[in-house]
Amino acid sequence: MKRRVNLTFPRTVVGVPITYRLARDFNVAANIIRAQVAPDQVGKMVLELQGDMDQIDSAIEWMRSLEITVSLQSKEIVIDEDACVDCGLCTGVCPTQSLSLNPHSFRLSFNRSTCSVCEQCIPACPVNAISVNL
Amino acid sequence: MEQSISAINAKIANRSVRVLTLLELQKRVAAVGLSQAAQEVDVVTTGTFAPLESVGVFINLGHTDPPIRLRSCWLDGVPAYSGMGAVDLFLGATQEAEPQEERPIGYGGAHVIAKLVAGETVPLRAIGMPNDCYPRATLETQINRDSINQFYLYAPRGLYQNFVVGVNSGEEIVYTYLGPLLPRMGNAVYANPGVIAPLWHSLEAIGIGTKIFLGGGIGFIAWEGTQHFPNQKQLPNHTPIGPAATLALIGDAKQMDKDWVKGCYFRNYGVSLMLGVGIPIPVVSSKTIETLALRDEEIMAPVIDFSIPRRVRPSFGLVSYAQLKSGKITINHTPVRTAPVVSISRAEQVASILKDWILKGEFTLTEPIAPIPPQRQFLHQDVLNV
């Protein structure tokens, strides 16, 4: 199964090689969606964990034991379909190409599973149709 | 095949008219060939839904008691021009709200216009020039489209034949009327929906007085547009290789529909109005069909580098609209992602709605009463030392 998690690291834990330990100790593949980590600072990371359900649960328990805050409710990009006019401007600034125009209908389509929630599309939208939920 | 516009109108009246949207015509040409398709159609509809800057609305408020002669006026915090008549106003789309009005960032005339079109009520504040005829000094009230006399849209440049593609070769993001252009050619933005747009085809078939779809209601071609540049260089197929002819458009905003009149804002650039525009092209001769059969592969736009903020910006050459719509173009051997700022799906919807109006007999065609000037000087404003 796959599960997306938001991690907040206290300064002291930034030195732990989290993704390596997840793979070695729990057989969990951790795809880094987004990360902001610097020495001696609070770090933030969004991971997509893939593996056995029990092992993902154990991995989350282990991370919590390190005083990493693990939030399962992650931010998501939301498109207001009433406001969107399918202009497509957002598709040019989306680094993961999660926002794209259907090649036939030229309607906007959004692939939530590949979105890294970088939020570049939000200010690019001329009609304020894109936001992030929490 | 030759036929007059009045002959087409007779077919509209007795419901025998044959109408195709431009995309439907192209499919038909691909299936049965040009000459057969030409035998099967009387009218071809085009459309676009793009952000416009050169557009606004004229409003006549009606007289208050005691009456006022306006000096300054604000509609929902956005200044409106009132230097004409006692209670006539012009609200421009790109006018931004006064900073002290505490409106959201990027709120401007286009948003007020869209609210009025949607039937919403907006606050009006005005200062008068009291005199014997018009003693009132100030006015605070609320208006909506039903409480004002005239409410009509005028776009000095409501349609552009072709346009540019924006890129940015610099190291920093550039904020433009095409939206954000990412550094190091991170994206390329185009603003014309390609062949489905109105002006790629026979400019001879339309002119001043031509009835059109405007903002979900009925409008007319009023004049040549500002920055009209019919002398733009052309490809052998007679389509321009960059921004060319423009049209001024006029229409009753009271009849317009909120789906086709939307305020928009380009961050760190400014406010624009997204407007649906559609023109029916009467198939009066086989030459008309030839221009309507042009494909996106055969029309081109110049790729312009916006990293240099000068009047003349460097060009990376021409790309076709087929390439632009594929999502990727190649500049200097490097692939660059493309994105439209014009809604291609809505452009097609405009053409479909216009087609339905004609099929139902609700919309007839008009003979132009004067041609769009085929020649026009394009002057630059060179600053004089005084």
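Residues numbered from 1 in each chain as written. Chains lettered and ligands numbered in written order. Predicted model: local features only at pLDDT ≥ 70, side-chain atom pairs only at ≥ 80, totals over all residues. Heavy atoms only, no water.

**Focus: the sheet that holds strand β14 (residues 188-190) of chain B**
As a general point, the strands of a sheet are linked pairwise by backbone hydrogen bonds and lie either parallel or antiparallel. All names here are of chain B. Strand order in this open sheet of six strands is β22-β21-β11-β14-β24-β23, and the pairing throughout is mixed. On the outer flanks of this sheet lie β22 (315-320) and β23 (328-331), each paired with one strand and no other. Strand-to-strand twist across the sheet, computed as the mean angle between neighbouring axes with direction ignored, equals 30°. With four bridges connecting them, β23 and strand β24 (residues 334-340) associate as antiparallel partners. In the sheet register, K328 faces β24, and the bridge partner there is R337. (Pairing = 2+ DSSP bridges. Helix = DSSP H or I, 4+ residues; strand = E, 2+ residues; numbered from the N terminus. Axes fitted to C-alpha atoms, helices over the stretch in contact; angles between N-to-C directions.)

**So, the environment of S131 of chain A**
Residue and element names in this part refer to chain A. Structurally, S131 can be placed in strand β8 (residues 130-133). S131 sits ten residues away from C121 along the chain, and the two C-alpha atoms are 8.7 Å apart. Discounting residues that sit within four places of it in the chain, S131 has contacts with E76, I77, V78 and I122. (Contact = heavy atoms within 4.5 Å.)

**Observations regarding the packing of helix α1 (residues 18-26) of chain A against helix α2 (residues 53-65) of chain A**
Residues and elements named next belong to chain A. Running from N to C, α1 and α2 cross one another at 135°; their axes reach a closest spacing of 10 Å. Between α1 and α2, the angle is such that the two are oblique. Crossing hand, α1 versus α2: right-handed. For the pair α1 and α2, the contacting residues are I18, R21, L22 and F26 in the first and Q55, S58, A59, W62 and M63 in the second. Residues belonging to the contact of α1 with α2 are distributed by class as follows: six nonpolar, two polar and one charged. (Parallel < 35°, antiparallel > 145°, perpendicular 65-115°, else oblique. Left-handed = near helix turned anticlockwise from the far one by under 90°. Nonpolar A, V, L, I, M, F, W, Y, C, P; charged D, E, K, R; others polar.)

**Overview of the packing of aromatic side chains**
Throughout the structure, instances matching the rule amount to 14 aromatic pairs over all chains. Between the aromatic rings of F26 of chain A and W62 of chain A, the centroid separation amounts to 5.6 Å while the plane-to-plane angle is 40°, which identifies the pairing as tilted. One end of the pair, F26 of chain A, is in helix α1; the other, W62 of chain A, is in helix α2, with 36 residues separating them in the sequence. Taking relative accessible area as the criterion, W62 of chain A reaches 15% and is therefore assigned buried. With a centroid separation of 5.8 Å and an interplanar angle of 85°, the aromatic rings of F213 of chain B and W260 of chain B are classed as edge-to-face. Here W260 of chain B lies in the loop between β17 (246-252) and β18 (261-266) and F213 of chain B lies in strand β15 (residues 211-214), a separation of 47 residues in the sequence. Residue F213 of chain B is classed as buried on the basis of its relative accessible area, which comes to 0%. Cluster of aromatic residues (ring-pair linked, three or more members): F49, F213, W260, W357 and F363 of chain B. For R313 of chain B, the ring lying beneath its charged end belongs to F306 of chain B, and the centroid distance is 4.5 Å. The ring of F49 of chain B has R346 of chain B sitting right over it, with the charged end atom 5.3 Å from the ring centre. (Phe/Tyr/Trp six-rings, centres within 6.5 Å; stacked < 30°, edge-to-face > 60°. Buried < 20%, exposed > 50% of the residue type's maximum accessible area, 1.4 Å probe, protein only. Lys NZ or Arg CZ within 6 Å of the ring centre and 35° of its normal.)

**A look at the domain arrangement of chain B**
All names here are of chain B. Taken domain by domain, chain B comprises domain 1 (5-52 + 153-364) and domain 2 (62-148). The distance between the C-alpha centroids of domain 1 and domain 2 comes to 33 Å. Residue-level contacts link 15 residues of domain 1 with 15 residues of domain 2. In total, about 1,200 Å² of surface goes out of reach between domain 1 and domain 2, with carbon and sulfur atoms giving 69% of it. Together, K254, Y265 and V271 form the three largest contributors to the area buried by domain 1 at its contact with domain 2, with a combined 47%. (Domains from an automatic or database assignment. Buried area = accessible area lost by both parts, 1.4 Å probe.)

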